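Single-letter residue listing:
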Amino acid sequence: MTNTKVLVVEDEVQYADVVAFKFRNAGFDVVIARDGQEGLDVALAEKPALIISDYQMPVLDGMEFCRRLRAHPQTAAIPFILLTAHGLDIEDAAVGEAGVSIIVGKPFSPRELLAKANELLNRPRHAVAHSERT
Amino acid sequence: MTPLARRWQLILAGLLVAIAVVGGVLLAGPAVGLPVRAVACGRVLLVLLIAATAVLTMRLRAALKRSFAAIAGALGAAAGQDFCGATPGAGATDLDRRIVGPEIVDHLAAITENMAALSRQRDEQKLAARVAQKRARHLEAVLRGLPDAVLVTDGMERVVMINDAAARLFHLPPEDAVARPLVDCIPDRTLCNFLRGAHNLPVGKEIEYSLAAQDGKRVFSVTVSPFADGSGENARGAVTLLRDVTRERAAARMKTEFVVNASHELRAPLGGIKAYLEMLMDGEVQNEQTRERFYQVMQGEVERLGDLVENILNIARIEAGIVKVSKEPVPLSGIVQEVVESMRPHAAAAGIALNDELLPVFFHVYADKEMMRRAVLNLVSNALKYTPRGGSVLVHMHVDEAAGEVTVGVSDTGVGISEQDLSRLFQKFFRVESSRKMASGTGLGLVLVKEIIENLHGGRIFVTSTLGKGSIFSIALPLVRDTQPVGASERTESTRSIP
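Residues numbered from 1 in each chain as written. Chains lettered and ligands numbered in written order. Predicted model: local features only at pLDDT ≥ 70, side-chain atom pairs only at ≥ 80, totals over all residues. Heavy atoms only, no water.

1. Looking at the overall build of chain A
Test applied: In this description a helix means any DSSP run of H or I spanning at least four residues, a strand means any run of E spanning at least two, and both kinds are numbered starting from the N terminus. Burial status follows relative accessibility: with a 1.4 Å probe on protein chains alone, a residue under 20% of its type maximum counts as buried, one over 50% as exposed, and anything between as partly exposed. By definition in these notes, contact holds between two residues if any of their heavy atoms fall within 4.5 Å. Only the protein chains shown count as cover for residues, and all accessible areas are computed by the Shrake-Rupley method using a 1.4 Å probe.
Scanning chain A from terminus to terminus reveals six helices and five strands. Counting from the amino terminus, chain A carries its helices and strands in the arrangement β-α-β-α-β-α-β-α-β-α-α. When burial is assessed residue by residue, chain A has 51% of its 134 residues classed as buried. In chain A, once contacts between residues fewer than 6 apart in sequence are set aside, the share between residues at least 24 apart is 63%. Accessible surface computed for chain A: about 5,700 Å², of which carbon and sulfur atoms make up 50%.

And the structure:
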């Protein structure tokens, strides 16, 4: 049986490293992309079960990345966790309009991020895209 | 009647009686048989009497004329006008008291005095009017010259006064605006509605409002206050003051942004430390090598945090006007080398090639080593921040012995800076809008570098950049010609204030 695949999109190496390490330890397969554009390509190719993405990134930011994922039939239903240092300022736009599943504020606890990811993955797919406040 | 006039009157009457008597005798002479010799004498006497009468009449007439002229002159002088061609300046003293009598002279003196008082009063009024006019002109000039826009309206909401700043703001020639209805002068409906009816308010009111001005959109604090000039119910009006607060608001916004940016900056390394620490504590790391890597990352983050706090503190010290500088001759390439080496892991992690072309160590500059290290570090760190993955950063040095100057240049293949942004690059809290997404920052790094290089070390900082291609930040410092001997005695320490 293959492991559940998680795509981590993060331009800050340290954060990508932390998330990848935590999720690999928890038995996930982790693929990493450096910005939204690269994330989009990897998502289409790898079809991950979950995407964890930073908000502030070069080329394509996390919100736009999520919007494009949602516009594509193959990636529209993938649960999406947005990591952001902007707090709740962008929550309405992210969850309501861009289709983000949940927002996790930076700095985050890897332990809590993993718990939220597991919670999200254990849910039926149709409930995932709806708004959920962290 | 005066005694002289009476005397003259009696003499004149006597003369006329004498003429009548002599004339009667002469007429009756032939009838009564008056001797020829007596008739001849009578005729001579008659002629003498007539002549005396004529002379006396003429003298009396002349004296009267003179007196009237003097009266007219005195009145005229008192009134400040020339009456009937009378000699101005002639006064009561010129009167012939013998002719007009002392009562008239006294009356005339009183009239003259009253008229002089009236004339003085009139002069004083004229002077007061001139002073009031001058004061009004001065006040108007002050009002007109005020940098804040002032607009005064009356109870009918017509413009009574508009100063130059208001005229410019509303595109009105000041003289054309006066007496025009307020609604015709202020094209902005919302603002106009706010100002309307203000003259009937018990107290003034205030809003903050954005208006389009010649140099873009500006924020104004608009205050409108009712006034009554005390001359009745209809003398109410309103004075509107528009103060441009764009700069204050921008400064307040920049300060808030600074706090937000600084917090973000501080939170990023803290977040890293927290995450790695949590994994170590959770026992996620079994492998010694990985544990070692985690410690290194955490140490790096702690250093990053320390640098950031130090930058903020340095700016605060500069803001407070006091900064401690400890200068000595130091080899600049040594400092640059240290910085480059410390940044290599960051460059590698960001996928950027960090190269250097440094000078031999014997080129010294007179500098505070720590400050200089901080300045160079800021430039290299900036270059890495704004260069995309796959790019390169080159730190190079150059010496111009003729000019006695050594230069450190940091070139990158990064995003570059537009010409417009270049002019604001060294402004406190300024951050290039398009680069905000690329990296976080406080907008203080370059301010600090400029202060260190130019104010503390008498050097220069200059930038050349092409948008989309990259930038070159250079610092030039005076070269220390003879570094031998370098002793502790040459070390100087000073606390200086930065203007």
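2. Considerations on the overall build of chain B
Assigned secondary structure in chain B consists of 13 helices and 13 strands. With 499 residues in all, chain B has 40% of them scored as buried. Considering only contacts within chain B whose residues lie at least 6 apart along the sequence, 63% involve residues at least 24 apart. With the model as given, the accessible surface of chain B reaches about 28,100 Å², and the carbon-plus-sulfur share is 59%.

3. Things to note about the pairing of strand β10 (residues 405-412) of chain B
Residues and elements named next belong to chain B. Applicable threshold: Here the rule is simple: two strands pair whenever DSSP picks up at least two bridges between them.
In terms of burial, β10 is largely enclosed, as seven of its eight residues are buried. Where strand β9 (residues 392-400) lies against β10, eight bridges are found, and the strand directions are antiparallel. Looking across to β10, one finds that M397 is bridged to V408. Connecting the antiparallel pair β9 and β10 is a turn made up of four residues, with G404 showing a positive phi of about 65°. Two strands pair when backbone bridges link them, and β10 and strand β12 (residues 470-480) are joined in this way by seven bridges, in the antiparallel orientation. Paired with V410 across the strands is F473, a residue of β12.

4. Let's talk about helix α11 (residues 369-385) of chain B
All names here are of chain B. What counts is decided by this rule: Between the first and last residue of a helix there are one fewer steps than residues, each counted as 1.5 Å, and that sum is the expected span. Residues adjacent in sequence count toward polar contacts only when both atoms are side-chain atoms; beyond that, a polar contact is any pair of N or O atoms within 3.5 Å, and within protein one must be able to donate a hydrogen and the other to accept it.
For α11, with 17 residues, the first-to-last C-alpha span of 24 Å sits near the 24 Å given by 1.5 Å per residue. Among the 17 residues that make up α11, 13 are buried, leaving the element largely enclosed by the rest of the structure. N-capping of α11 is provided by D368, with a side-chain oxygen placed 3.1 Å from the backbone N of E370.

5. Focus on the interface of chain A and chain B
Interface size is commonly expressed as the accessible area that is lost once the parts come together. Formally: Computed with a 1.4 Å rolling probe, the buried area is the accessible surface lost when two parts are put together, summed over both parts. By definition, a salt bridge exists where a carboxyl oxygen of Asp or Glu is found within 4 Å of a side-chain nitrogen of Lys or Arg. Three classes are used: nonpolar for Ala, Val, Leu, Ile, Met, Phe, Trp, Tyr, Cys and Pro, charged for Asp, Glu, Lys and Arg, and polar for all others, with Gly counted as polar.
Between chain A and chain B, the residue contacts involve 21 residues of the former and 25 residues of the latter. Counting each side, the surface lost to burial between chain A and chain B is near 2,000 Å², with a carbon and sulfur contribution of 51%. Ranking the residues of chain A by area buried against chain B places Q14, F21 and P107 of chain A at the top, with a combined share of 25%. One can count five salt bridges joining chain A with chain B. Between R111 of chain A and D282 of chain B there is a salt bridge, with the nearest N and O atoms lying 2.9 Å from each other. At the surface where chain A touches chain B, the tally comes to eight residue pairs in polar contact (both at pLDDT 80 or more). Elements with a minimum of two residues in the side of chain A that touches chain B: α1 (13-25) and α5 (110-121) of chain A. At eight residues, the largest contribution of residues to the side of chain A that touches chain B is made by α1 of chain A. A class-by-class count of the residues in the side of chain A that touches chain B yields nine nonpolar, five polar and seven charged.

6. Remarks on the sheet that holds strand β4 (residues 216-228) of chain B
Residue and element names in this part refer to chain B. Selection rule: The angle between two axes is taken between their N-to-C directions and runs from 0 to 180 degrees, where each axis is a line fitted to C-alpha atoms and a helix contributes only its stretch in contact.
What the five strands build is an open sheet, ordered β2-β1-β5-β4-β3; its pairing is antiparallel. The strands lining the two open edges of the sheet, one partner per strand, are β2 (159-162) and β3 (205-213). Each adjacent strand pair in this sheet contributes to an overall mean axis angle of 25°, direction not counted. The pairing of strand β1 (residues 149-154) with β2 spans three bridges and is antiparallel. Within β2, the position partnered with T153 by the bridge is V159. Docked against the sheet, helix α8 (residues 246-281) engages β3, β4 and β5 (236-244), running at close to 125° with respect to β4.

7. Topic: the sheet that holds strand β5 (residues 102-105) of chain A
Residue and element names in this part refer to chain A. Taken in spatial order, the five strands make up an open sheet running β2-β1-β3-β4-β5, and their pairing is parallel. With partners counted over all chains shown, the strands left at the sheet margins are β2 (29-33) and β5, one partner each. Strand-to-strand twist across the sheet, computed as the mean angle between neighbouring axes with direction ignored, equals 20°. Across five bridges, the pairing between strand β1 (residues 5-9) and β2 is parallel. From the neighbouring strand, V6 faces β2, where its bridge partner is V30.

8. What about the pattern of salt bridges?
Any two side chains of opposite charge can pair, on the condition that their charged atoms come close. Under the counting rule described, the total for this entry stands at 24 salt bridges over all chains. Across the salt bridge formed by E10 of chain A and K106 of chain A, the nearest N and O atoms sit 3.1 Å from each other. Placement of the pair is E10 of chain A in the loop between β1 and α1 and K106 of chain A in the loop between β5 and α5, with a sequence separation of 96 residues. The pair E10 of chain A / K106 of chain A is uniform in exposure class, with both members buried. With its nearest N and O atoms 2.6 Å apart, the salt bridge here joins R293 of chain B to D17 of chain A. Of the two residues, R293 of chain B is situated in helix α9 (residues 288-320) and D17 of chain A in helix α1; the pairing between them involves two chains.

9. Focus: the environment of V47 of chain B
One can find V47 of chain B in helix α2 (residues 36-79). C-alpha separation for the pair V47 of chain B and I19 of chain B, spaced 28 residues apart in sequence, amounts to 8.7 Å.

10. Observations concerning the packing of aromatic side chains
Keep this limit in mind: Only Phe, Tyr and Trp rings are paired, with Trp represented by its six-membered ring, and only when their centres lie within 6.5 Å; those with planes under 30 degrees apart are stacked, over 60 edge-to-face, the remainder tilted.
What the rule picks out here adds up to six aromatic pairs over all chains. Look at F362 of chain B and F363 of chain B: their rings are 4.8 Å apart centre to centre, the planes differ by 45°, and that puts the pair in the tilted class. Looking at F363 of chain B, the relative accessible area reads 12%, which means it is buried. Through a chain of ring-to-ring contacts, three or more aromatic side chains come together here, namely F21 of chain A together with Y276 and F294 of chain B.

11. Regarding the side chain of H457 of chain B
All names here are of chain B. Assignment of secondary structure puts H457 in the loop between α13 (445-456) and β11 (460-466). For H457, a relative accessible area of 6% translates into the label buried. Within the structure, H457 has its side chain in polar contact with the backbone nitrogen of D368 (distance 2.9 Å). H457 has contacts with K327, Y366, A367, D368, M371, M372, I452, L477 and P478, leaving out every residue within four places of it along the chain.

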